[in-house]
Amino acid sequence: MELPSYLRKACIAHAGALTSLYEYIPRMRKTSADPSSNHANDSSGKTKYTTLVSLSGHLFDQFLINDALDVIEAAGGSFRLVKCDVGQSSSAMSYSELEVAADDTAILDKIVDSLTSIANSSKGGVFNKEKELSLKIGKISERKVEVRSGIKNMPAVLILGAGRVCRPAAEFLASGGSISCSDSFKTYQDINVGIEGIQVIVASLYQKDAEETIEGIQNATAIQLDAMDYGRLSEYVSQVEVVISLLPPSFHAVIAKACIEHKKHMVTASYVDDSMSRLDEKAKSAGVTILCEMGLDPGIDHMMAMKMIDHAHVGKGKIKSFTSYCGGLPSPASANNPLAYKFSWNPAGAIRSGRNSATYKSMGEIVYVDGNELYDSATRFRIPELPAFALECLPNRNSLLYGDLYGITNEASTIFRATLRYEGFSEVMASLAKIGFFDDEPHPMLKGGQRTTFSTFLNELLNTKCSSLVNANNPAGSTGDEKEMVRRLILSGHCKETTTAVKTVKTIKFLGLHENEEIPVACWSALDVVCFCMEHRLAYSNKEQDMVLLHHEVEVEFPDGRPTENHQATLLEFGKVQNDKTASAMALTVGIPAAIGALLLLQNNVQSRGVIRPLEPEVYVPALDILEASGIKLMEKIETL
């Protein structure tokens, strides 16, 4: 106490104990490290009411956090640390999210009022700027799944993951399978018999995200849940009928284990991997269905394919050729950049997928495409019924696997799956790859905290493979002149045609890869650099639409001499903007099929058990009917060749 105030405030421990100013450390640490010891688990089974409190300001260096925690605990509430970002300098603000809980709403209201009072008084002139506290309060919700007790006879579905795909799925299920389509409601009545409503519980690592996802949706509840906390995951799984996992594939096996343990069905939109395949027998023994690959691709593509193939087989036909094309693209109006492409997620994943090798069968011959040559293998593609779309296709990984899945390996001489892009995309991406922009190894110019500009880095990449182009008249190899950049790309062999070089330069300039701005510290490789630029320059605006295009062609021949037929099915879906909320085409065509899978399982329309895909009529027939009723329609056509 004899120390000056600034040193006294800096004294964390004295005589073997934390000083009073730093008592928040064990209080917050305990709730973060040991969820079982806090308000999240109530052994009495009593319902808890919670709200998410977001605090920002000089929480720790001015000890405002102590005031907030004292208010919560003095009122009889409890809290759990959800997120904490501590400012790293005296001028930086800190941010903390607390899930605050109480036994009834009156206590919670009192806590909120007290916190609001502190925040308001800090801005009234009594405190200096450093002691200002900003506050944001979330919606009050019931903490445990016992929320169902007030809504009897309503089956419940738990959706894990509150990303873009979640809202369409939650809306579909919360309406009992009724979908809003062009301001009208359509219902697939045959499936919904006996379902008066479905309770949807949306779980996210951050409750705020879950709350934002379900905003305005009836029969929906938001909860905070870490899917890797098996105890709490198991608690929620035990109290619902079906679980939909929209989390990354690495989470699915743990979630499936909980579903098998409690004999609950599960749906995912992800590919079946080895970790899921190994659970097949356990799921069968438990009488559980784990319906995987129930999205767009995989998902709708499977169902369209099997409907066409089974129809051909029923008619005594033989599959001569199966080709499938699918792409998530900007709508034509939104394809307003040199690549005619935009990203709604981290570009690194899309770039890496464009470097995967591919295998397919064409006219009886097995064709292998090396990943480094994938962009160069792109070919022009047109759909006669959609002549306005100038497209190209790239082989998509191993098409031969689908011959086995669809049971056509021995009859089809052509099995080909491809990714769709607007024409011209691949030639530019191939040029960027040759320049070196897709290299993911740490680059010497970006190591050890060294910083350089985008322009200097571009020069380095061009000069690494083309040092002879730097001449006396252009000693720095400047990239400022567009004609000079085109010349260098052609002479270096990165581009064979002038038109390709011009498109590549336009793309480089559009992305800002030529600018004199400093490259961010987070970029360590050339891939990091180009992804940073793509993420900022190729993002969708709030009003822009994306587009999903899926097209199958099945050539069917008949042993009895009937003419060969070409069966076609096409899905074209655009993103929707309603009430200033954007539902992307990708979110709709992934989220709604997953929700349809849950609906079929709720009604026990799927009898198969174990780890399955939507390849059987018991799944794809009703699912495609419901999909069409929801407004996602397929254009189907049969031509005689």
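None of these values were measured; they are calculated from a predicted model.

A surface patch of nonpolar side chains, about 330 Å² in accessible area, is lined by Leu 3, Tyr 6 and Leu 7. Residue placement: Leu 3 occurs in the segment before helix 1 (5-10).

Okay, the packing of helix 15 (residues 425-435) against helix 18 (residues 498-511) next. Following both chains from N to C, one finds helix 15 and helix 18 inclined at 75°, their axes separated by 9 Å at the closest point. By the criterion of interaxial angle, the relationship of helix 15 to helix 18 is roughly perpendicular. Residues Glu 427, Val 428, Ser 431, Leu 432 and Ile 435 of helix 15 form the contact with helix 18, whose participating residues are Thr 500, Lys 503, Thr 504, Thr 507 and Ile 508. Looking at the contact of helix 15 with helix 18, its residues break down into four nonpolar, four polar and two charged.

With 70 residues, the main nonpolar core has Val 157, Ile 159, Leu 173, Val 200, Val 202, Val 267 and Tyr 406 as its most contacted residues. Considering every element that reaches this core, the biggest residue donor is helix 20 (residues 585-602), with 12 residues. Beyond its immediate stretch of four places on either side in the chain, Val 200 contacts Val 157, Ile 159, Ala 170, Leu 173, Ala 174, Asn 219, Ala 220 and Thr 221. Membership of the second largest hydrophobic core comes to 62 residues, among which are Met 429, Phe 454, Met 534 and Met 547.

As a further point, take the confidence of the model for the protein chain. A residue-level look at the protein chain finds 85% of positions with pLDDT of 70 or above and a mean pLDDT of 85. The low-confidence segment residues 33-38 (pLDDT under 50) makes eight contacts with residues lying over four places distant or belonging to another chain. Scored below 50 in pLDDT, residues 143-152 makes 30 contacts in the model with residues more than four places away or belonging to other chains.

Here the residue pair Asp 297 and Pro 298 is connected by a cis peptide bond, since its omega of 15° sits within 30 degrees of zero. Here the phi dihedral of Ala 15 falls at roughly 55°; this positive angle occurs in a residue that is not glycine. Despite not being glycine, Ala 340 has its phi angle at roughly 55°, a positive value. Position of Ala 340 among the secondary structure elements: in the loop between strand 16 (318-330) and helix 13 (347-353). Here Ala 340 falls in the buried class, since its relative accessible area comes to 14%.

To continue, consider the environment of Ser 630. For Ser 630, the position within the fold is in the loop between helix 21 (617-629) and strand 27 (634-640). A C-alpha to C-alpha distance of 8.6 Å links Ser 630 and Ile 592, two positions 38 residues apart in sequence.

Empty space within the largest pocket amounts to approximately 1,800 Å³. Around the largest pocket, the lining comprises 50 residues; the ones closest to its centre are Tyr 271, Asp 297, Pro 298, Trp 345 and Met 586. The element best represented in the lining of the largest pocket is helix 13, accounting for four residues. Here the residues of the lining of the largest pocket sort into 28 nonpolar, 14 polar and eight charged.

Moving on, we come to helix 18. Relative to the 20 Å expected for 14 residues at 1.5 Å per residue, helix 18 spans 20 Å between its end C-alpha atoms, a close match to the ideal helical length. All of the buried residues along helix 18 are Thr 500, Ala 501, Thr 504, Val 505, Thr 507, Ile 508 and Leu 511. Seen from one end, helix 18 has its buried residues packed into an arc of 160°, which puts them on one side. Looking one or two places after helix 18, you find Gly 512, whose phi comes out positive at around 80°.

Conventions used here
Residues numbered from 1 in each chain as written. Predicted model: local features only at pLDDT ≥ 70, side-chain atom pairs only at ≥ 80, totals over all residues. Heavy atoms only, no water. Patch = residues over 30% accessible without salt bridge, like charges linked within 9 Å, V, L, I, M, F, W, Y side chains within 5 Å. Areas by Shrake-Rupley, 256 points an atom, 1.4 Å probe, with all protein chains shown as cover. Salt bridge = Lys/Arg side-chain N within 4 Å of Asp/Glu carboxyl O. Helix = DSSP H or I, 4+ residues; strand = E, 2+ residues; numbered from the N terminus. Axes fitted to C-alpha atoms, helices over the stretch in contact; angles between N-to-C directions. Parallel < 35°, antiparallel > 145°, perpendicular 65-115°, else oblique. Contact = heavy atoms within 4.5 Å. Nonpolar A, V, L, I, M, F, W, Y, C, P; charged D, E, K, R; others polar. Core = buried A, V, L, I, M, F, W, Y, C linked by side-chain atoms within 4.5 Å. Buried < 20%, exposed > 50% of the residue type's maximum accessible area, 1.4 Å probe, protein only. pLDDT = per-residue confidence, 0-100. 1 Å grid on protein atoms, 1.4 Å probe; cavity = no way out; pocket = protein on both sides within 12 Å on 5 of 7 lines; lining within 4 Å. Points joined across faces, edges and corners; volume = space filled by probe spheres on them. Expected span 1.5 Å × (residues − 1). Arc of directions from axis to C-beta.

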